[in-house]
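# Commentary on secondary and tertiary structure
Here are the chains, one letter per residue:
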Amino acid sequence: MTTRWLGHRPIAKVFSNRFLLPQISRRIAPICQTWPCRNLASLNTPAADDTVEILGQRFPRDKNTNVTTTITAKTARLLHRQPNHPINILKRRIEAHFKNYKVVDSMNPAVTTQQNFDSLLFSADHPGRAPTDTYYINSNTVLRTHTSAHQSEVLKTREAEGYLLTADVYRRDEIDVSHYPVFHQMEGLRTFDRKNLEAEAVVNVAGTSIKGAVLSETNPVQLAHTTREAELVDQHLRHSLEGMVRDLFREEKDLEIRWIEAYFPFTSPSWEMEVLYRGSWLELLGCGVIQQKIMDDANNADRVGWAFGLGLERIAMVMFDIPDIRLFWSSDERFLSQFSSGQIVKFQPFSKYPACYKDVSFWCNQGFHDNDFAEIVRDVAGDMAEDVKLIDKFEHPKTKRVSRCFRINYRSMDRTCTNEEVDKIQDEVRRVAATTLGVELR
Ligand code: PHE
């Protein structure tokens, strides 16, 4: 499990709103060719090359570099801008709903730690900065972990009252059918003239899911705002999001929505929105009233505003019935040809290829993190790795050393793999774990 850090709630929730783990069934409907397995020889050993290249730009490596070429290669895919791709179809749907919002969708994924964390008021020791969760290009530069990384620069432009910013975001994480190291988020931003707030932000919340006061000890109005200001912005935010989600899920009659208090360093009050979809509560997004300091620092001291961030894969998996997140990366026509611009259709799975489970056990050093192991599996096996689970862990009573056993589920999306072939990959996973993580194989 990864440390979850944006919110006060544990895993699967906030930061990794990751959108928001699957109530999605584990039906797997593999398909073809997503990413080929990596060439085993080209593993991420510190290359002769002492730079990391991202979209043609070179960054010097340093001791904190942990990004691999498996990951940097994905920066060029830009699924959110690929016509007829489910992620693009969903993006356009939401853009069509928020009519006058300015669309931003080509921000560079390499951002400074200032953009990704400091500008958003993350404390210096915030666990979200941990290299176990974040891909560092070097000490000062990361692959953005969320679209909020661009809030300040977008606000600084003062070009519009509202923005919709979509981008690929990167997180080191566990491996399963709803987690992938790259996914897509859409950030919505809306600001108002503070002097004219009553007129600009007032909405009628009668008949919506928005109930109760904004003010609460655990989800406070900022000192910089009056209660009325916070209430107006908060209600406009939730009213807008509720309208958007009802529009997206227009086929679902009487969609039930609920708001869960949340915590983000960059908003207060903050919420997560959940919808009751086919019997389970599904968490769709995080949102809140933007911290006034962020507005002030971004040349918007005269304005107040709200922000939301939603995970497109999470919603697309539900809307298009896509059972495995790896499918979004597929270039197989059997997948791609099923979707066309402007249409929400249910994905028709084709044949399912067999899974192949392999276990690996080892003694770990102190500081070992499950995500470091997951990263090795990703690097060696590519999209052949469907799932990695910690199935056993124990501490030796005398030596106090900890042993872990992981079960890797290998499954190709486009063909049946031979046991021999999987054994080779597994051997390589074992070798790389031993040499790069210093674990002792059992
Ligand atoms: N950036 C947050 C995340 O990735 C989501 C969010 C965006 C929350 C904007 C509040 C406001 O989980």
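Model, not experiment: these values are computed from the prediction.

The tally for this structure, following the rule as stated, stands at 20 aromatic pairs. Judged by centre distance (4.9 Å) and plane angle (55°), the rings of Phe98 and Tyr101 are tilted. Taking the relative accessible area as the measure of exposure, Tyr101 reaches 13% and is therefore buried. Note on Phe368 and Phe406: the rings are 6.4 Å apart at their centroids and 50° apart in plane angle, and the pair reads as tilted. Residue Phe368 is located in the loop between strand 13 (356-364) and helix 10 (370-381), and its partner Phe406 is located in strand 15 (residues 402-410); the two are separated by 38 residues in the primary sequence.

Note on placement: Asp176 falls in the loop between strand 7 (162-170) and strand 8 (182-193). Along the primary structure Asp176 and Asn409 are separated by 233 residues, whereas in three dimensions their C-alpha atoms are 9.1 Å apart. Within the structure, Asp176 has its side chain in polar contact with the backbone nitrogen of Ser178 (distance 2.9 Å). Of the polar contacts made by the side chain of Asp176, one reaches the side chain of His179; its length is 2.9 Å.

Below, the discussion takes up the sheet that holds strand 15. Pairing is antiparallel in the open sheet, where four strands are placed in the order 14-15-13-16. Each having just a single partner strand, strand 14 (385-395) and strand 16 (440-441) make up the two edges of the open sheet. Relative to strand 15, strand 14 is paired through nine bridges, and the arrangement is antiparallel. If you follow Glu395 over to strand 15, its bridge partner there is Val402. On top of the sheet, helix 10 reaches strand 13, strand 14 and strand 15; it is set at about 35° to strand 15, its chief contact. Most of the contacts of helix 11 (residues 419-437) go to strand 13, to which it runs at about 15°, and overall it touches strand 13, strand 15 and strand 16.

In this section: the packing of helix 2 (residues 86-97) against helix 6 (residues 227-248). Interhelical geometry of helix 2 versus helix 6 gives an angle of 130° and a closest axis separation of 10 Å. Relative to helix 6, the element helix 2 is oriented oblique. Crossing of helix 2 over helix 6 shows right-handed handedness. Between helix 2 and helix 6, the residues in contact are Leu90, Arg93, Ile94 and His97 and Ser240, Gly243, Met244, Asp247 and Leu248, respectively. Its residues placed into classes, the contact of helix 2 with helix 6 shows four nonpolar, three polar and two charged.

Rules and cut-offs
- Residues numbered from 1 in each chain as written.
- Predicted model: local features only at pLDDT ≥ 70, side-chain atom pairs only at ≥ 80, totals over all residues.
- Heavy atoms only, no water.
- Phe/Tyr/Trp six-rings, centres within 6.5 Å; stacked < 30°, edge-to-face > 60°.
- Buried < 20%, exposed > 50% of the residue type's maximum accessible area, 1.4 Å probe, protein only.
- Helix = DSSP H or I, 4+ residues; strand = E, 2+ residues; numbered from the N terminus.
- Polar contact = N/O pair within 3.5 Å; in protein donor to acceptor, adjacent residues only side chain to side chain.
- Pairing = 2+ DSSP bridges.
- Contact = heavy atoms within 4.5 Å.
- Axes fitted to C-alpha atoms, helices over the stretch in contact; angles between N-to-C directions.
- Parallel < 35°, antiparallel > 145°, perpendicular 65-115°, else oblique.
- Left-handed = near helix turned anticlockwise from the far one by under 90°.
- Nonpolar A, V, L, I, M, F, W, Y, C, P; charged D, E, K, R; others polar.

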